[in-house]
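So the chains spell out like this:
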Amino acid sequence: MFILKVEPAFNLRIFALHSYRGGMGETVDKEVQVSPASDGKAPRTPRGERTLRKILDAAQAEFGERGFADTSIVGITQRAGVALGTFYTYFDSKEVVFREVVRDMSAQVRDHVAPAFADATDALDGERRALESFLNFARKHRDVYRIIDEAEFVEPAAYREHYETTGTRIAARFRAARDKGEIASDLSDQDLDILAWAIMGANVFLGLKFEVWSSADARRVADVTSRLLRKGLGA
């Protein structure tokens, strides 16, 4: 068993999903702390972390507004208020910083949604609260869709990592709920993986339709979706 740690995004600790073989030969997923900087370029001081944070935030804004192709390193550094050479203190290229922006945004979504589970009455109520929280995040950070979509072609490994880590977290929650009797007990681990990806896909497109293309009541969207979950998954 492993615990998914929730760390504030500004701490610059991104958790990438890695698979390894457990003692019984099964594949086990865990999240490993990594720095967003290029290899050997991780900041060693709080000041360095703050500078790296400024570059990541500026890069996110530039990529979100202009797209990958039209974003320049000069534009990123000007927006961050740092020298051009400072960029290369932490990142090797525009492709590398884009990859780390994708990972950082994924971490921001995770950290924004995680507190929603604290007051949940059961697993499915937790999923309802998490969806509402995600919809509110999507409304304020609409650029997340453009950046993640571009990642499929610019940084496909980061694109896949984003969805793999999210799907794994949802499936882990579903397994815990099944074991506690909060959802149907006859669902296998593979069944729950399938359902986790179905729910993740629904959440992504609910955010696109109701918070990016329009501005709907996030609670109502989450409540209606929760009715579907309870009808299909309720124990």
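Our structure's up above, just so we're on the same page.
Here we summarise the structure given alongside this text.

1. Focus on the overall build of the protein
What the protein contains, in helices and strands, is 9 helices and 2 strands. In the protein, which comprises 235 residues, the share counted as buried stands at 48%. Carbon and sulfur atoms provide 52% of the accessible area of the protein, an area that totals close to 12500 Å².

2. Side note on the pattern of salt bridges
All told, the structure shown has 21 salt bridges when counted by the stated rule. Linking Arg53 and Asp104 is a salt bridge whose minimum nitrogen-to-oxygen distance equals 2.5 Å. Taken together, the residues Arg53 in helix α1 (residues 46-70) and Asp104 in helix α4 (residues 94-113) connect sequence positions 51 residues apart. On the basis of relative accessible area, Arg53 is assigned to the buried category, the value being 11%. You can call Asp104 buried: its relative accessible area is 2%. Ionic pairing is found between Glu132 and Arg128, a salt bridge with its closest N-O pair at 3.8 Å.

3. A closer look at helix α8 (residues 189-212)
Taking 1.5 Å per residue as the helical rise, α8 with its 24 residues ought to reach 34 Å, and the 33 Å between its terminal C-alpha atoms agrees with that figure. Within α8, burial applies to Leu192, Ala196, Ile199, Met200, Asn203, Val204, Leu206, Gly207, Leu208 and Glu211.

4. Some remarks on the packing of aromatic side chains
Taken as a whole, this structure holds 6 aromatic pairs when the rule is applied. Where Phe63 meets Phe68, the ring centres are 5.9 Å apart and the plane angle is 20 degrees; that geometry is what we call stacked. In this pair, the class of Phe63 matches that of Phe68, namely buried. With a centroid separation of 5.2 Å and 80 degrees between ring planes, the pair formed by Phe87 and Tyr88 is classed as edge-to-face. For Phe87, a relative accessible area of 0% puts it in the buried group.

5. Notes on the environment of Glu150
Inspection of the secondary structure assignment puts Glu150 in helix α6 (residues 143-154). A residue is classified by how much of its surface remains accessible, and Glu150, at 23% relative accessible area, is partly exposed. Taking the C-alpha atoms as reference, Glu150 lies 7.7 Å from Gly67; in sequence the two are 83 residues apart. Look past the residues within four positions of Glu150 in its chain and what remains in contact with it is Phe63, Gly67, Phe68 and Phe98.

6. So, empty space enclosed by the protein
In total, this model carries 2 cavities of 30 Å³ or more according to the counting rule given. If you trace the second largest cavity, you find it lined by Glu127, Arg128, Leu131, Ile199, Asn203, Ala222, Thr225, Ser226 and Leu229. Among the secondary structure elements, those contributing two or more residues to the lining of the second largest cavity are α5 (123-140), α8 and α9 (218-233). The leading source of residues in the lining of the second largest cavity is α9, at 4 residues. Here the lining of the second largest cavity is built from residues that sort into 4 nonpolar, 3 polar and 2 charged.

7. Points about a nonpolar patch on the surface
There is a patch of nonpolar side chains on the surface, built from Val74, Leu84 and Tyr88 and spanning about 260 Å² of accessible area. In this structure, Val74 sits in helix α2 (residues 73-80).

8. Remarks on the side chain of Ser106
Here Ser106 is to be found in helix α4. Apart from residues no more than four positions distant in its own chain, Ser106 is found in contact with His162 and Thr165.

9. What to know about the side chain of Thr77
For Thr77, the location among the structural elements is in helix α2. For Thr77, the contacting residues outside a window of four places in its chain are Val82, Ala83, Leu84 and Phe87.

10. Here we look at the nonpolar core
Generally speaking, nonpolar side chains in soluble globular proteins are found buried as a group. One finds Ile55, Phe63, Phe91, Val97 and Phe134 to be the most contacted residues of the largest nonpolar core, which totals 55 residues. Every residue in contact with Phe134, bar those within four places of it in the chain, is listed here: Val109, Val113, Tyr145, Asn203, Val204 and Gly207.

Parameters and conventions
- Residues numbered from 1 in each chain as written.
- Predicted model: local features only at pLDDT ≥ 70, side-chain atom pairs only at ≥ 80, totals over all residues.
- Heavy atoms only, no water.
- Helix = DSSP H or I, 4+ residues; strand = E, 2+ residues; numbered from the N terminus.
- Buried < 20%, exposed > 50% of the residue type's maximum accessible area, 1.4 Å probe, protein only.
- Areas by Shrake-Rupley, 256 points an atom, 1.4 Å probe, with all protein chains shown as cover.
- Salt bridge = Lys/Arg side-chain N within 4 Å of Asp/Glu carboxyl O.
- Expected span 1.5 Å × (residues − 1).
- Phe/Tyr/Trp six-rings, centres within 6.5 Å; stacked < 30°, edge-to-face > 60°.
- Contact = heavy atoms within 4.5 Å.
- 1 Å grid on protein atoms, 1.4 Å probe; cavity = no way out; pocket = protein on both sides within 12 Å on 5 of 7 lines; lining within 4 Å.
- Points joined across faces, edges and corners; volume = space filled by probe spheres on them.
- Nonpolar A, V, L, I, M, F, W, Y, C, P; charged D, E, K, R; others polar.
- Patch = residues over 30% accessible without salt bridge, like charges linked within 9 Å, V, L, I, M, F, W, Y side chains within 5 Å.
- Core = buried A, V, L, I, M, F, W, Y, C linked by side-chain atoms within 4.5 Å.

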